[in-house]
Amino acid sequence: MFRRYLGGLLASALIAGAPALAVAQDQDEDEGLSFEADALFVFQGETDLQNKSGKFSANRAFASVGAEMPLGERASVEFEAGFGGTDYDFSGVSGFALANELGWVRQNEISLRFSFSASDRLEFFLEPGMSLNGESGADSGDSTTTEILGGFTWQFSPRLIIGPGVGFFDNLEGDDDIVPILLVDWQINDSLSLSTARGLAASRGPGLALNWQANEVWRFGFQGRFEDVQFRLDKNHGTASGGVAEEAYTPLVATASWQPNERMEVMGFAGLATGGEFTLFDSNGKELSKRTYDDATLFGLVATLRF
């Protein structure tokens with residue numbers, strides 16, 4: 001029902017921020033209001049910046065709560081609010097303004113999602129949202145962006161749902177994006193599935209999740225996606241003060257999920273953050289510098305409660 005940190009499709013047609021596939025078709029009006037809460041912890045090990053010009057590590061935490069309410073037999077509305085961020089730890093870095101006193105970066109968001117099933121196979125969706133990404137000392141107004149996504153999904157068979165759409169995104173550095181969306185939910189057989197999903201908080205990027213349902217309780221998989229997050233800087237970064245930093249990387253992880261009942265699920269994952277890069281912009285949106293970083297170990301935990 002709600003979005004996940006890891007998952008999605010490794011294809012250029014997919015984009016950041018694609019919503020989870022609609023599952024509200026022919027929803028029973030008597031089901032009433034339902035809720036979900038998620039908590040995420042990610043630990044990214046220390047790694048070298050390009051040419052061994054310093055090191056950094058990161059710890060990420062995020063929590064979200066959401067509610068879904070049916071609007072008749074064929075429509076529903078969902079609300080989600082998420083709060084968290086990333087704690088960066090740089091050491092031995094010189095000549096890179098981003099590393100100056102960079103610590104906790106807030107990543108908060110709220111969103112609505114409206115779904116309407118025109119038939120047993122066709123469902124339309126519209127999802128506006130707002131995100132706040134910035135250091136604790138950065139201006140909240142300058143750290144806020146909006147987005148809106150819309151499209152439809154078509155159920156080709158009981159095992160396959162595909163749908164196109166489009167997303168309109170603000171960017172903190174000034175350029176806005178209009179990006180096509182492709183949603184996929186393919187139950188390959190009784191135990192194997194392939195699907196798209198979303199990223200963490202205001203993260204934007206395509207990805208893919210391949211899962212194997214070993215039994216009623218355990219599920220194992222492999223997930224990869226492209227993560228792309230921008231955040232507003234405070235006044236402690238020299239020529240980049242009040243500017244924007246962008247981190248882009250590709251996490252590739254193996255997953256193991258334990259779901260003892262319908263209301264509870266815990267997923268652990270471990271792998272690598274590859275292709276990492278920081279880009280720094282000044283307060284006018286002009287690119288100042290870039291720094292790549294080496295592959296880093298990545299592991300974490302996601303806990304979900306439904307009620």
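Our structure is the block above this text.
Residues numbered from 1 in each chain as written. Predicted model: local features only at pLDDT ≥ 70, side-chain atom pairs only at ≥ 80, totals over all residues. Heavy atoms only, no water.

## Focus: the overall build of the protein
Here is the rule we go by: Put simply, DSSP H or I for four residues or longer makes a helix, DSSP E for two residues or longer makes a strand, and each gets a number counted from the N terminus. Think of it in three bands: with a 1.4 Å probe and only protein chains considered, a residue is buried below 20% of the maximum accessible area for its type, exposed above 50%, and partly exposed in between. Where accessible areas are quoted, they stem from the Shrake-Rupley method and a 1.4 Å probe; at the residue level, only the protein chains shown are allowed to cover.
Summing up its helical and strand segments, the protein has 0 helices and 16 strands in all. Within the protein, the fraction of its 307 residues that count as buried is 51%. When the accessible surface of the protein is summed, it comes to about 13700 Å², and 58% of that surface belongs to carbon and sulfur atoms.

## A word on the side chain of S64
Keep this limit in mind: Under the rule applied, a polar contact is a pair of N or O atoms within 3.5 Å (in protein, one hydrogen donor and one hydrogen acceptor; residues adjacent in sequence only if both atoms are side-chain atoms). The contact rule is simple, with two residues in contact once any of their heavy atoms fall within 4.5 Å.
Positionally, S64 belongs in strand β2 (residues 55-70). A distance of 3.4 Å separates the side chain of S64 from the side chain of E80, its partner in a polar contact. When residues no more than four places from it in sequence are discounted, the contact partners of S64 are E36, A37, D38, E80, A81 and G82.

## Quick notes on the pattern of salt bridges
One side chain can pair with another of opposite charge once the charged atoms of both are near each other. How we decide: One speaks of a salt bridge when a side-chain nitrogen belonging to Lys or Arg is within 4 Å of a carboxyl oxygen belonging to Asp or Glu.
In total, this model carries 10 salt bridges according to the counting rule given. The residue D120 makes a salt bridge to R74 at a minimum N-O spacing of 3.2 Å. Taken together, the positions of D120 in the loop between β4 (104-117) and β5 (122-135) and R74 in the loop between β2 and β3 (75-91) put the pair 46 residues apart, joining distant regions of the chain. D190 is the partner of R159 in a salt bridge, and the nearest nitrogen-oxygen pair spans 2.7 Å.

## Digging into the environment of L272
Structurally, the position occupied by L272 is in strand β14 (residues 264-281). Considered as a pair, L272 and D295 are 23 residues apart in the sequence and their alpha carbons are 6.4 Å apart. L272 has contacts with T250, P251, L252, A296, T297 and L298, leaving out every residue within four places of it along the chain.

## Structural notes on the pairing of strand β7 (residues 160-169)
As a reminder, the rule being used: At least two bridges found by DSSP between two strands is the condition for calling them paired.
The alternating pattern of β7 places I161, G163, G165, G167 and F169 on a buried face and L160, I162, P164, V166 and F168 on a face that is not buried. Pairing geometry for strand β6 (residues 144-157) and β7, over 8 bridges, is antiparallel. Residue pairing in the sheet places L149 in a bridge with G167 of β7. Between β6 and β7, which pair antiparallel one after the other, the connecting turn spans 2 residues. In the sheet, β7 pairs with strand β8 (residues 177-187) via 10 bridges, with the strands oriented antiparallel. Paired with L160 across the bridge in β8 is W186.

## Here's the deal with the packing of aromatic side chains
Applied cut-off: In this scheme Phe, Tyr and Trp rings, the latter by its six-membered ring, pair at centre separations within 6.5 Å, and the angle between planes marks the pair as stacked below 30 degrees, edge-to-face above 60, and tilted otherwise.
All chains considered together, the criterion is met by 14 aromatic pairs. Centre to centre, the rings of F35 and F307 are 5.7 Å apart; their planes meet at 15°, and the pair counts as stacked. Of this pair, F35 sits in strand β1 (residues 34-48) while F307 is found in the segment after β16 (296-306), placing the two residues 272 residues apart along the sequence. A network of ring pairs unites the aromatic residues F56, Y88, F90, F231, F278 and Y293 as a single cluster.

## Some words on the nonpolar core
Here is the rule: Grouping buried Ala, Val, Leu, Ile, Met, Phe, Trp, Tyr and Cys residues that are joined through side-chain atoms within 4.5 Å yields what is termed a nonpolar core.
Within the largest apolar cluster, 21 residues are counted, with the highest numbers of intra-cluster contacts made by Y88, F90, L98 and F278. Of all elements in the fold, only β2, β3, β13 (244-261) and β14 reach the threshold of two or more residues within this core. If one sorts the elements of this core by residue count, β14 sits on top with 3 residues. Setting aside chain neighbours within four positions, we find Y88 in contact with F56, S57, A58, R60, L102, G103, V105, F231, E247 and F278.

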